[in-house]
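Listed below, chain by chain, are the residues.
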Amino acid sequence: MKNSLRSYRPVLLLLAIALVLCLTMIELSLLIIAKGALDTNSKPGLYIVYLGQPEHDDPDLVTASHHQMLESLLQSKEDARNSMIYSYQHGFSGFAALLTSSQAKEISEHPAVVHVIPNRILKLKTTRTWDHLGISPIPTPFSSSSAVKGLLHDTNLGSEAIIGVLDTGIWPESKVFNDQGLGPIPKRWRGKCESGEEFNATIHCNKNLIGAKYYLKGLLAEFGDYKSNR
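These numbers were taken from a predicted model, which means no experiment stands behind them.

Trainee: How should the nonpolar core be read in this particular structure?
Mentor: Here is a general trend for soluble globular proteins: nonpolar side chains tend to be buried in one another's company. With 16 residues, the main nonpolar core has V49, L70, F95, L99, I107, V113 and V116 as its most contacted residues. Going through the elements one at a time, β1 (45-52), α2 (59-74), β3 (93-99) and α4 (101-108) are the ones with two or more residues in this core. Considering every element that reaches this core, the biggest residue donor is α2, with four residues. Residues within four places of V116 in sequence aside, it is in contact with Y47, I48, V49, A104, I107 and S108.

Trainee: Which parts of the structure should I look at to understand the state of the cysteines?
Mentor: Linking two cysteines covalently through their sulfur atoms gives a disulfide. Under the defined criterion, the tally for this structure stands at one disulfide. Disulfide pairing places C193 opposite C205 at an S-S distance of 1.5 Å. Note on the C193 and C205 pair: the S-S dihedral is about 65°, so by sign convention the disulfide is right-handed. Here the residue C193 occupies a position in the loop between α6 (150-154) and α7 (201-204), and C205 occupies one in the loop between α7 and α8 (217-223), the gap between them amounting to twelve residues. A relative accessible area of 24% places C193 in the partly exposed class. The exposure class assigned to C205 is buried, which follows from its relative accessible area of 16%.

Trainee: So what exactly am I meant to see when it comes to the side chain of S87 here?
Mentor: One can find S87 in strand β2 (residues 84-88). By relative accessible area, which is 18% here, S87 ends up buried. Polar contacts involving the side chain of S87 include one to the side chain of T63, which spans 3.0 Å. One polar contact links S87 to H66, side chain to side chain, over a distance of 2.7 Å. Not counting the four nearest positions on each side in its chain, S87 is found in contact with T63, H66, G94 and F95.

The rules behind these values
Throughout this document, residue positions are counted from 1 along each chain, in the order its sequence is written. Totals for whole chains, interfaces and linings use every residue, but because this is a predicted model, local features are given only for residues with pLDDT of at least 70 and side-chain atom pairs only at 80 or more, for both listing and counting. Side-chain numbers come from the whole structure's heavy atoms, not from hydrogens or water. What we call a nonpolar core is a set of buried Ala, Val, Leu, Ile, Met, Phe, Trp, Tyr and Cys residues that are connected through their side-chain atoms within 4.5 Å. Each residue is assigned to one of three classes by its accessible area relative to the maximum for its type, calculated with a 1.4 Å probe on protein chains only: buried under 20%, partly exposed between the two thresholds, exposed over 50%. A run of H or I in DSSP becomes a helix once it reaches four residues, and a run of E becomes a strand once it reaches two; helices and strands are each numbered from the N terminus. Throughout, a residue-residue contact means that at least one pair of heavy atoms, one from each residue, lies within 4.5 Å. We call a pair of cysteine sulfur atoms a disulfide whenever their separation is within 2.5 Å. We define a polar contact as two N or O atoms separated by no more than 3.5 Å, with the added condition that, inside protein, one atom must be a possible hydrogen donor and the other a possible acceptor, whereas residues neighbouring each other in sequence contribute only through side-chain atom pairs.

Right under this line is the structure:
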C-alpha cells in the first residue's frame with residue numbers, strides 16, 4: 001500500500017502545481033481586466049457642461065465662475081486651466097472641458113449644472129444648404145415650386161440679417177463672399193474677424209464676410225496634442 005502511494009506522489013505533486021498555476025493565471029487575468037476598466041474610466045474625454053442662463057452680464061465673471069467650478073472638482077487651479085477648452089459666456093453659460101467619465105458624472109450632480117453632454121462628431125447634413133432651408137431664389141431639381149421666390153425675396157435679401165455658419169473652412173476669394181452692392185455692417189454686430197492660416201482678416205473680411213474665428217481646440221483635444229497648440 002505504501003509503495004502504491006509513493007508511486008502516485010509525483011502525479012499528485014504535478015496536479016497541485018498545475019492547480020496553483022491555473023489559479024495564478026486566473027488572478028492575473030482578473031487584474032488585467034480590472035486595470036483595463038480603470039484605464040477606460042480614467043482616460044479623459046471632451047464634455048460640454050451646460051449651465052443655462054448666465055449669472056453675470058460680464059463675460060469675464062462668467063468665465064471665472066467656470067474655472068472655479070472646475071477647480072473645486074479637480075482640486076487644482078492648474079488642472080482646471082489645462083482641462084478647460086472653451087468657456088461659453090454669450091447666450092448661455094457653459095464650458096467644454098477634458099474630463100474622465102467619473103468626473104463628468106460628479107460635475108453633472110452640481111446644483112448649478114443643467115446637463116453634461118459628451119462631445120461627438122456630426123456628419124454632414126447636406127451640400128445644398130439653400131435648397132435644404134427652402135430659400136433657393138430659383139427652382140432646382142431639389143427645391144419645391146413654393147420656394148421659387150424664397151425667403152431671401154421675402155426678407156429683402158436678408159437686409160440687416162447676421163448669419164453665423166460653422167464650417168470646416170472657407171474660400172474667401174469665392175464670389176459668395178463678394179460684398180458688392182451690400183450696405184454697411186449692422187451696428188449691433190459685436191463679433192470679430194480674426195486672422196488665421198492663409199486667412200488675412202484685413203484683406204478677406206468685408207461687408208459680407210463680417211467675422212471669422214477658428215474653433216480648433218475641441219478637435220485638437222480629441223485627436224491632437226492640445227497643450228502644444230494652445
